[in-house]
Structures are given as C-alpha cells and as structure tokens.
Amino acid sequence: MPRTLHDLFAKEWMQEFLADFGTVQVEYHITAEVRHVDVYFEPTSRTLNPALGILGQMVAEPCLIEPFRNAIPLEEICNCTAKSTLLGLNLLRQAKQNQQRFQFRDRPFLWMLSPTLSQRLQASFCVHIDPAYGEGVYFLPKPHRAAIIAIHKLPTTLDTLWLRLLGRGTVQKRAIGELLALPNNHPYRGMTLRHIAVLQQNLQIRQNLTRDLREVTMTLAITYEQIEAEILQRGREEGREEGREEGREEGQLQAKRSIALRMLQEGIEPATVARITGLTIAQLPSLEEQETSL
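Throughout, a residue's number is its position along its own chain's written sequence, starting from 1. Thresholds applied to this predicted model are a pLDDT of at least 70 for local features of residues and 80 or more for the giving and counting of side-chain atom pairs; totals over whole chains, interfaces and linings are not thresholded and use all residues. With hydrogens and water stripped out, all remaining heavy atoms of the structure feed into the side-chain values.

Undergrad: Before we go on, may I ask you to explain the overall build of the protein in this structure?
TA: Numbering of helices and strands runs from the N terminus; a helix is a DSSP stretch of H or I covering at least four residues, while a strand is a stretch of E covering at least two. A count of helical and extended segments in the protein gives eleven helices and six strands. Buried, partly exposed and exposed residues are distinguished by accessible area as a fraction of the type maximum, computed with a 1.4 Å probe on protein chains only: under 20%, between the cut-offs, and over 50%, respectively. Across the 294 residues in the protein, those meeting the buried criterion constitute 37%. Residue pairs at least 24 apart in sequence account for 53% of intrachain contacts in the protein once pairs closer than 6 positions are excluded. Here the accessible surface of atoms and residues is derived via Shrake-Rupley with a 1.4 Å probe, and residues count as covered only by protein chains that are part of the display. Surface summary for the protein: the accessible area is close to 18500 Å², and the carbon and sulfur share equals 53%. Should any heavy atoms of two residues lie within 4.5 Å, those residues are counted as being in contact.

Pasting the structure below:
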C-alpha cells in the first residue's frame, strides 16, 4: 500500500477512534523556526593538524560545533541533534536535486561542548568513550553522529588545551595559564590571547554581571595584563635594537590597534573602544583596515 494511502487510513481512523478520549487534530502544523548552529566547519584538507590536538581530530571532517557556557541540559542535547538531523535531510534533498551522491549517514558530525556532563545524562543517551579520543569525550549511539565533550573531564595535556579554554572556573583559568606559558612564537598563542583580551574587555563594559561572569572577568584581566606586559617588552626590545624609544611606543600602539580592530569588528562603538584601549578616535583602525582584515 502506498505510504500516502496508509497515512490517509491512519489519520482518518485515529481521528474517529480517539475522538471519545480527547481532542484530535490531523495535519497539525508545527511552525518551522529558523535554526542556527554556532559553528559549521568544512575542512580544506583531511590531514590532521597535530598542533590542534583533539580539536584537530574533530575538524578533520565536516562538523557542527555547539559550545555551551553552562552544563548542557537534556533539551539542548535533543535540540542540537534535531538541528543535525534537519541539516542532513537538507543536504540529502539538495544532492538529489543536483543528481549528486550523498548518504544521510555522512552528514556533518555534531560536537557539543559542555563544561560538565552528569552521570544521569550519560546514562540517558547511552554514551560511550572512544579510545582514539579518551576520557571526557562521550559519543552518542552511532546513528546520531554526535558526541558531547565534558571539558572538566579532559586530561590536562597540550592536546586538550584549545578545548579547555572553553571551560569554566579553575579549568579555564589553568588553561589560560598554560596558554601564556607557550613560546611567544607559537602559531596560535598570540591570536588566541587577542580574542581572550577582547572577551575580557567586552565583559568589562557589561552591567550586572553574574557571579560566574565576574569570576571570568577577573581571570581574563590577568591575561590582559600579561598581554600588555608583553607589548611593553616587545616595545622595549624594538627600542633597544633601533637605539630609540619610538620602537617601544610603536609596538604598544600597534598591539592596541590590533585589539581595537577586533573590538570594532565585534560591533563595539568606537567611543567605547577608545576609552577601553586608551587610543584616541583618530588612532583607531580605519574602515579600510577593517575591510582588509575580513
């Protein structure tokens, strides 16, 4: 029997059969909401980058990444897996329209990042650990193509550093300390510190912060002070090498302009950026510089 005829039979039968027990609505419309994922990543190469550790393993194939500041609740796990399913169906539909080959089971893998994950939720979703990833990375049953990373359970190694920076409390604080301890020429150290500095400055200008966010602000403030100290040191070194004080000042100015540029791109008002960084409006990066960096 064709599916449409079976659906018709089931709907008409249930409409009459269940009428004595409650309200029955057939063809009930569920409004489709616009859904977003925080990060949708498609790699240019399937070659693993060892410098990224576990994060490098995660992004070796197309994936979705959903980070959570607070412990992920049951409904959000379901919400994320639903978005992953909808994306897979959309990709399958597009492939059929374009006469391309695509299997639903090959949809982007879903990674949910949570500071913690309760034993109850682990049991509810029947998660398991893959030896290739180790403790703290909990995979849902295979059809879901999804995993939850409990950041507080990750071992304290360089391989997990980039994920532990997204943790909370002492986990994040320790990770930031490890980041600062990396060599100055590490390819991802400076860039990550700039983003942390922007986060700290953004938190500073917000009102009525929760206790948790106040603690984050204090932790990040130490990082910002460390960045300023490094800026000053680089300026001094440049000044000594060139035999003039202008090197130090130029180093400080360029670093502050780099932070200011990032803040402007985040949508922060120029007047606020100037007040936080100590730059004048005239010293802020120009529109042309912002466009060039995109």
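From this point, the discussion proceeds with the structure in view.
Undergrad: How should I be thinking about the pairing of strand β2 (residues 63-67) in this particular structure?
TA: Looking along a regular strand, one sees the side chains alternate between the two faces of the sheet. Where burial is concerned, most of β2 is hidden: four out of the five residues are buried. Strands qualify as paired when DSSP identifies two bridges or more between them. With three bridges joining them, strand β1 (residues 39-41) and β2 adopt antiparallel strand pairing. By the bridge assignment for β2, F41 is matched with C63. Where β2 and strand β3 (residues 109-114) come together, five bridges link them in parallel fashion. In the strand pairing of β3, E66 is matched with M112.

Undergrad: What am I meant to see in the nonpolar core here?
TA: In summary, soluble globular proteins display a tendency toward joint burial of nonpolar side chains. Counting residues in each nonpolar core, the largest one holds 17 residues, and the members touching the most others are I72, I77, M112, L117, L140 and I148. Among the elements of the structure, α3 (74-97), β3 and β6 (146-150) are those that each provide at least two residues to this core. Excluding its chain neighbours within four sequence positions, the residues that come into contact with M112 are E66, I72, I77, C80, T81, L140, A146, A147, I148 and I149. Within this scheme, the nonpolar core is defined by two criteria: the residues are buried Ala, Val, Leu, Ile, Met, Phe, Trp, Tyr or Cys, and they are joined through side-chain atoms within 4.5 Å. Membership of the second largest hydrophobic core comes to 16 residues, among which are I54, I149, L154 and L163.

Undergrad: Explanation requested: the sheet that holds β3 in the structure shown.
TA: Strand order in this open sheet of six strands is β1-β2-β3-β6-β5-β4, and the pairing throughout is mixed. Across the chains shown, the open sheet's two edge strands, defined by having one partner strand only, are β1 and β4 (128-129). Geometry is summarised by axes, namely lines fitted to C-alpha atoms with helices restricted to the contacting stretch, and by angles between N-to-C directions that run from 0 to 180 degrees. Lying on the sheet, α3 is in contact with β1, β2, β3 and β6; it crosses β3 at an angle near 160°.

Undergrad: How do you make sense of the state of the cysteines when you look at a structure like this?
TA: Each disulfide consists of one covalent bond between the sulfur atoms belonging to two cysteines. Note on disulfides: each one is a pair of cysteine sulfur atoms within 2.5 Å. A complete count under the given rule lists zero disulfides for this structure. Take C80: it sits in no disulfide, and the sulfur closest to it among the cysteines is that of C78, at 9.5 Å. By relative accessible area, C80 is classed as buried at 2%.

Undergrad: I'm lost on the pairing of β3 in this one. Help?
TA: Summarising burial for β3: six of the six residues are buried, a large majority. Between β2 and its parallel partner β3, the chain crosses via α3, and the hand of that crossover is right-handed. By the bridge criterion, five bridges tie β3 to β6 in an arrangement that is parallel. Bridged to L113 within β6 is I149. With the strands aimed away from the viewer, a crossover counts as right-handed if its path from the first strand over the helix to the second runs clockwise.

Undergrad: Can you help me understand helix α6 (residues 169-181) in this one?
TA: Since the α-helix turns once every 3.6 residues, residues separated by three or four places project in the same direction. Under the convention used throughout, the expected extent of a helix is 1.5 Å for every residue step, that is, one less than its residue count. Its 13 residues place the ends of α6 19 Å apart at the C-alpha level, agreeing with the 18 Å of an ideal helix rising 1.5 Å per residue. Turning to α6, its buried residues are Q172, A175, I176, L179 and L180. Seen along its axis, α6 keeps its buried residues to an arc of 140°; they face one direction. Seen from the buried face of α6, the exposed residues on the opposite side, beyond 90 degrees, are T170, R174 and A181. Regarding the arc, it is the one traced by the directions from the helix axis to the C-beta atoms.

Undergrad: How should a nonpolar patch on the surface be read in this particular structure?
TA: Like-charged residues within 9 Å of one another, or nonpolar side chains (Val, Leu, Ile, Met, Phe, Trp, Tyr) within 5 Å, are grouped into patches, provided each residue has over 30% relative accessible area and no salt bridge. Basic side-chain nitrogens of Lys or Arg form a salt bridge, by our definition, when they fall within 4 Å of a carboxyl oxygen of Asp or Glu. On the surface, F9, W13, M14, F17, L18 and F21 cluster together to form a nonpolar patch covering roughly 670 Å² of accessible area. With respect to the helices and strands, the residue F9 is situated in helix α1 (residues 3-17).

Undergrad: Would you mind going over the pattern of salt bridges with me for this structure?
TA: Close approach of charged atoms allows side chains of opposite charge to pair. In this structure the tally under the stated criterion is four salt bridges. Note that E66 is salt-bridged to K83, the shortest N-O span being 2.7 Å. Placement of the pair is E66 in strand β2 and K83 in helix α3, with a sequence separation of 17 residues. Residue E66 is classed as buried on the basis of its relative accessible area of 3%. For R174, the salt bridge goes to E178, with nearest N and O atoms at 3.7 Å. With a gap of four residues between them, R174 and E178 both fall in helix α6, about one helical turn apart. Linked through salt bridges whose partners overlap, the residues forming this network are R164, R174 and E178.

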